[in-house]
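Read off the chains here:
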Amino acid sequence: MKLKETQSEGNILFVGIDLGTSRSSISASNGTRQWIESYVGWPKDFISLQVVGKPVLFGSEALKHRLSLDLCRPLEHGVIKEGIERNEEAVKEIIKYLIELAKPAAGQKIYAVVGVPADTLKVNKLAIRRAVSEFAHSLMVVSEPFAVAYGLSLLNNSLVIDIGAGTTDLCIMHGAIPSDEDQKTIVNAGDYIDEQLYSYLTEKYPNSKFNKNMVRQFKEKYSFVRDVPGDIHVEIPVDGKPVMHDIKNEVKRACESILPALVETTAEMIARFDPEFQIKIKNNIVLAGGGSLIRGLREYLQDALKEYGPCNVTNVQDPLFAGSDGAVKLAQDMPAKYWEPLQ
Ligand SMILES: Nc1ncnc2c1ncn2[C@@H]1O[C@H](COP(=O)(O)OP(=O)(O)OP(=O)(O)O)[C@@H](O)[C@H]1O
Ligand SMILES: [Mg+2]
């Protein structure tokens with residue numbers, strides 16, 4: 001029996017949370033949708049506290065005040081970074097803040113479905129349970145691409161590829177809750193592209209002053225694979241003066257650096273199925289996550305996989321909320337036995 005048939009829905013706020021390396025989002029059954037960059041900062045000392053005026057800051061506000069803060073990006077490669085208690089504390093703060101942003105009514109119970117990268121499900125489960133337990137009454141942890149697939153009703157014969165910052169998560173749906181075998185995580189994703197682009201630009205322009213944050217912004221504005229018309233020039237200071245730099249080749253090389261692993265893993269996952277299912281899955285491949293915005297990527301993947309027969313790759317409409325929207329839909333449909341009570 002479905003949970004919503006057994007409990008009065010008015011007293012429950014269902015939330016879907018996509019806990020991402022770079023961005024975290026929440027979608028709630030009251031219609032709220034919010035996202036923040038996954039940064040948490042605490043004032044370094046009492047002077048910083050006076051300067052920033054808050055005990056904890058999030059997202060772009062934390063980045064803006066980074067010189068006054070102990071800044072923490074708690075998820076790397078999609079795993080809560082181990083060994084440092086502060087990371088777990090930061091995840092807790094992110095969850096608390098996201099739930100506040102969802103504006104639960106007084107006395108409403110929170111039922112949360114949290115999406116994490118496929119491979120790290122087991123590692124993260126306990127840590128996430130600890131992080132969520134103070135703020136929610138019931139919890140279910142699912143893999144990110146499964147949440148995306150559920151949200152898009154892609155329950156059968158499909159492959160979801162979620163290209164995030166820390167990881168690319170692949171998940172094959174074949175009419176049942178996906179098992180470990182149906183899911184795979186690779187670390188060739190947005191952060192990896194940023195590292196490549198940073199090193200190519202440092203090599204080409206050793207006297208220009210730029211940082212990783214600027215490099216990520218260049219990528220997000222101009223990313224492409226194969227070719228796009230026109231030049232790509234950005235302004236970077238040299239000896240204090242703004243100078244235009246040609247970065248087209250470097251952007252292309254950096255974005256293309258994730259392609260071999262992506263194509264190989266996708267082909268490998270599909271090859272496990274018998275030919276009839278292979279054809280169906282190949283005609284139902286969906287790209288999600290911020291990396292799906294790379295121009296030409298969808299076409300590239302479609303052409304690369306066509307070598308082995310017809311293939312159709314599409315992009316999700318809303319990469320920022322596809323995970324949390326799917327997670328909240330899952331929360332609302334979830335039978336009671338799947339929920340883990342926390343309080
Ligand atoms: N237009 C764009 N072109 C290329 N990359 C982009 C673009 N927009 C955003 N990104 C990248 O997408 C990544 C963020 O995507 P997303 O929010 O799906 O990741 P995440 O959920 O935080 O990470 P993960 O799923 O690995 O935990 C970042 O690396 C970001 O730089
Ligand atoms: Mg993600």
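## Focus: the nonpolar core
Counting 94 residues, the largest nonpolar core has Val15, Ala112 and Val114 as its most contacted members. It is helix α4 (residues 85-101) that provides the largest number of residues to this core, a total of seven residues. Not counting chain neighbours up to four residues away, the residues in contact with Val15 comprise Ile26, Ala28, Ile99, Ala102, Ile110, Ala112, Val328 and Ala331.

## Side note on the sheet that holds strand β6 (residues 69-72)
The three strands lie next to each other as β5-β4-β6, forming an open sheet whose pairing is antiparallel. In this open sheet, the two strands that pair with only one neighbour each are β5 (57-58) and β6. As paired strands, strand β4 (residues 40-43) and β5 are joined by two bridges and run antiparallel to one another. Following the sheet pairing, Gly41 is matched in β5 by Leu57.

## Side note on the site of ligand 1
Near ligand 1 lie 24 residues; those nearest to it are Gly20, Gly164, Gly190, Gly289 and Gly290. The set of elements that each furnish at least two residues to the shell around ligand 1 consists of α7 (190-204) and α8 (212-222). Counting residues per element, the shell around ligand 1 draws most heavily on α8, which supplies three residues. Within the shell around ligand 1, the residues separate by chemical class into six nonpolar, twelve polar and six charged. Viewed by domain, the shell around ligand 1 spans two of them, domain 1 (3-150 + 321-341) and domain 2 (190-256), each represented by three or more residues.

## Quick word on the domain arrangement of the protein
Domain boundaries assigned for the protein yield domain 1 (3-150 + 321-341) and domain 2 (190-256). One C-alpha centre belongs to domain 1, the other to domain 2, and the line joining them spans 32 Å.

## Thoughts on helix α6 (residues 144-151)
The buried count for α6 comes to eight of eight residues, which makes it a mostly enclosed element. Within α6, the full set of buried residues consists of Glu144, Pro145, Phe146, Ala147, Val148, Ala149, Tyr150 and Gly151. Note on α6: the residue one or two positions beyond its end, Ser153, has a positive phi of about 55°.

## A few points about the sheet that holds strand β2 (residues 23-28)
Spatial ordering of the open sheet is given by β3-β2-β1-β9-β10-β18, a layout of six strands whose pairing is mixed. The open sheet has two edge strands with one neighbour each: β3 (33-37) and β18 (340-341). Pairing of strand β1 (residues 12-18) with β2, which is carried by four bridges, proceeds in the antiparallel orientation. In the strand pairing of β2, Ile17 is matched with Ile26. Against the sheet, α4 touches β1, β2, β3 and β9 (109-116), its axis set at about 40° to β2. Here α6 sits on the sheet in contact with β1, β9 and β10 (138-143), set at roughly 95° to β10.

## Thoughts on α7
With 15 residues, α7 extends 21 Å between its outermost C-alpha atoms, agreeing within 8% with the 21 Å of an ideal straight helix rising 1.5 Å per residue. Those residues of α7 lying buried are Gly190, Asp191, Tyr192, Ile193, Asp194, Gln196, Leu197, Tyr198 and Leu201. Among the structural elements, α8 and α9 (248-256) are those in contact with the buried residues of α7.

Criteria and thresholds
Residues numbered from 1 in each chain as written. Chains lettered and ligands numbered in written order. Predicted model: local features only at pLDDT ≥ 70, side-chain atom pairs only at ≥ 80, totals over all residues. Core = buried A, V, L, I, M, F, W, Y, C linked by C-beta atoms within 7 Å. Buried ≥ 20, exposed ≤ 12 C-beta atoms within 10 Å, placed from the backbone. Helix = DSSP H or I, 4+ residues; strand = E, 2+ residues; numbered from the N terminus. Contact = placed C-beta atoms within 7 Å. Pairing = 2+ DSSP bridges. Near = placed C-beta within 6 Å. Nonpolar A, V, L, I, M, F, W, Y, C, P; charged D, E, K, R; others polar. Domains from an automatic or database assignment. Axes fitted to C-alpha atoms, helices over the stretch in contact; angles between N-to-C directions. Expected span 1.5 Å × (residues − 1).

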